[in-house]
Amino acid sequence: ARHLPNTHSQSSNTTNMMAASEHCAALTAKCEARISAAHTLLEEDKIEKAHEHLEELIKEQETNEHVSGCDDCKAALAAILKGEKCEHIRHLAERVRFIRENLGKMDGWQLQREEQGISVFYRQEPNSPFVCLRAECEIDAPIFDILALLYEVDLYPTWLPTYRFLGLQSAATLATPTPRRMLVHLVANLPWPIENRDLCLAIHGIDSMDPEHPERQIVVLLKTVEEYPDTALPAPARGVVRMAVPHGGLVLTPGLVNGKGSATKIQLEMTLDPRLAVIPPFLINWAVRHFAFMMVDKMRVAIAGVSTNKVYRDRIAANDAFYGYIRRRLEELALHDHRAQA
């Protein structure tokens, strides 16, 4: 007798294949939706929350029986998770983790000066041209005023110190692609016979202020760049050498949301390549002991005058993209301070 095709078995296989395909499509759609939510957090500069979304999604896929048994589904999800924006989230999250961890330990740091509530430190990387600087203080002022002083880059020369031919010659904002990202150009005067230095510094403000963070902070990432989207970088002027900052950061920890009073703790760390064949020890010691200390001290004095300074008040009124966002965010966090700008 001639064998007849098993139509029931074929139909069953087809149904199973269709069900598996639909399951793959549903998982892929769910994955894309979760990543879209992470991208929204990225656009809000809530990098750590965006990274948590990705990590949770990866764990879900690793424990999903269908994904582990389906090569096509596994490949599709892996491709999505390795996309450009996902990699960007991971990179930024790693930079935030790195700066927070560095500022949480004192390994290798040499205290150069501690006075008036200001501490400055120095660390020389072994067999490296890099110089690491660190400064810390607490400022009893509204976080709004602190951010205003830091944001108005071109006004830095009005309050940063100049001491014995060492100081800031000029400061300019070259680009602000978003309210919390900017590219700045700084030129510093150095004492003869050392040539003046400049740098093009990319700045990225990260919002780590939501309640789920163990310590609620604003993290500002700092890094020099050789190119920047849609912006031509200026060439160093004659007699000026371009420095490099491979990594650095500024961390603001408001006491009001961390149960530590009204003051804001400010921590700055910067790894600097001054592009000097030989770095005179006296220059490093002097710069850290005196200039870095005075910079923090002058910043504290300047912040106290922001709320009454007409130049700052006019700029605050004219820039809702940044200052309006800051106000709204502080209100969301119940961080309205009676001392802040009206």
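Scroll up to find the structure this text is about.
Every value quoted in this text rests on a predicted model; they were computed, and no experiment measured them.

> Looking at this model, I keep getting lost on the packing of helix 2 (residues 47-62) against helix 5 (residues 84-103). Mind explaining?
Between two packed helices, both the angle of their axes relative to each other and the distance between the axes serve to describe the pair. The interhelical angle for the contact between helix 2 and helix 5, taken along N-to-C directions, is 120 degrees, at an axis separation of 9 Å. Considering the angle they form, helix 2 stands oblique to helix 5. Both helix 2 and helix 5 take part in a crossing whose hand is left-handed. On helix 5, the residues touching I47, E48, A50, H51, L54 and I58 of helix 2 are C86, I89, R90, L92, A93, V96 and R100. Its residues placed into classes, the contact of helix 2 with helix 5 shows 9 nonpolar, 1 polar and 3 charged.

> So what exactly am I meant to see when it comes to unusual backbone geometry here?
Excluding glycine, a negative phi dihedral is what most residues carry, and trans is how most peptide bonds are arranged. In this model, D45 sits at a positive phi of 60 degrees, which is unusual for a non-glycine residue. Within the secondary structure layout, D45 lies in the loop between helix 1 (7-43) and helix 2. Taking relative accessible area as the criterion, D45 reaches 3% and is therefore assigned buried. One non-glycine residue, D230, lies in the positive phi region at around 60 degrees. Judged by its relative accessible area of 84%, D230 is exposed.

> How do you make sense of the side chain of H39 when you look at a structure like this?
For H39, the position within the fold is in helix 1. Look past the residues within four positions of H39 in its chain and what remains in contact with it is K85, C86 and I89.

> I'm lost on the pattern of salt bridges in this one. Help?
Pairs can form between side chains of opposite charge whenever their charged atoms are close. In the structure shown here, the tally under the stated rule is 22 salt bridges. In this structure, the salt-bridge partner of K46 is E44, at a minimum N-O distance of 3.7 Å. On the basis of relative accessibility, which here comes to 12%, the residue K46 falls in the buried class. Close ionic contact of D314 with K310 constitutes a salt bridge, the shortest N to O distance being 2.6 Å. Taken together, the positions of D314 and K310, both in helix 8 (residues 310-318) and 4 residues apart, correspond to about one turn of that helix. Classification of K310 as exposed rests on a relative accessible area of 58%.

> Is there a simple way to explain the packing of aromatic side chains in this structure?
Both the distance between ring centres and the angle between the ring planes are used here to describe each pair of aromatic rings. For the structure on display, the rule yields 5 aromatic pairs. Measuring from centroid to centroid gives 5.7 Å for F144 and Y323, while their planes differ by 45 degrees, and the two rings are tilted. Within this pair, whereas F144 is found in helix 6 (residues 143-151), its partner Y323 is found in helix 9 (residues 320-332), the two being separated by 179 residues in sequence. As far as burial versus exposure is concerned, F144 and Y323 are alike and both buried. With a centroid separation of 4.9 Å and an interplanar angle of 80 degrees, the aromatic rings of F322 and Y323 are classed as edge-to-face. Note on accessibility: F322 and Y323 belong to one class, buried. Through a chain of ring-to-ring contacts, the aromatic side chains of F144, Y151, F322 and Y323 assemble into a single cluster. Positioned above the aromatic ring of F121 is the side chain of R134, whose terminal nitrogen or guanidinium carbon lies 5.6 Å from the ring centre. Between R180 and the ring centre of Y325, over which it is positioned, the NZ or CZ distance is 4.2 Å.

So, how was this worked out
- Residues numbered from 1 in each chain as written.
- Predicted model: local features only at pLDDT ≥ 70, side-chain atom pairs only at ≥ 80, totals over all residues.
- Heavy atoms only, no water.
- Axes fitted to C-alpha atoms, helices over the stretch in contact; angles between N-to-C directions.
- Helix = DSSP H or I, 4+ residues; strand = E, 2+ residues; numbered from the N terminus.
- Parallel < 35°, antiparallel > 145°, perpendicular 65-115°, else oblique.
- Left-handed = near helix turned anticlockwise from the far one by under 90°.
- Contact = heavy atoms within 4.5 Å.
- Nonpolar A, V, L, I, M, F, W, Y, C, P; charged D, E, K, R; others polar.
- Buried < 20%, exposed > 50% of the residue type's maximum accessible area, 1.4 Å probe, protein only.
- Salt bridge = Lys/Arg side-chain N within 4 Å of Asp/Glu carboxyl O.
- Phe/Tyr/Trp six-rings, centres within 6.5 Å; stacked < 30°, edge-to-face > 60°.
- Lys NZ or Arg CZ within 6 Å of the ring centre and 35° of its normal.

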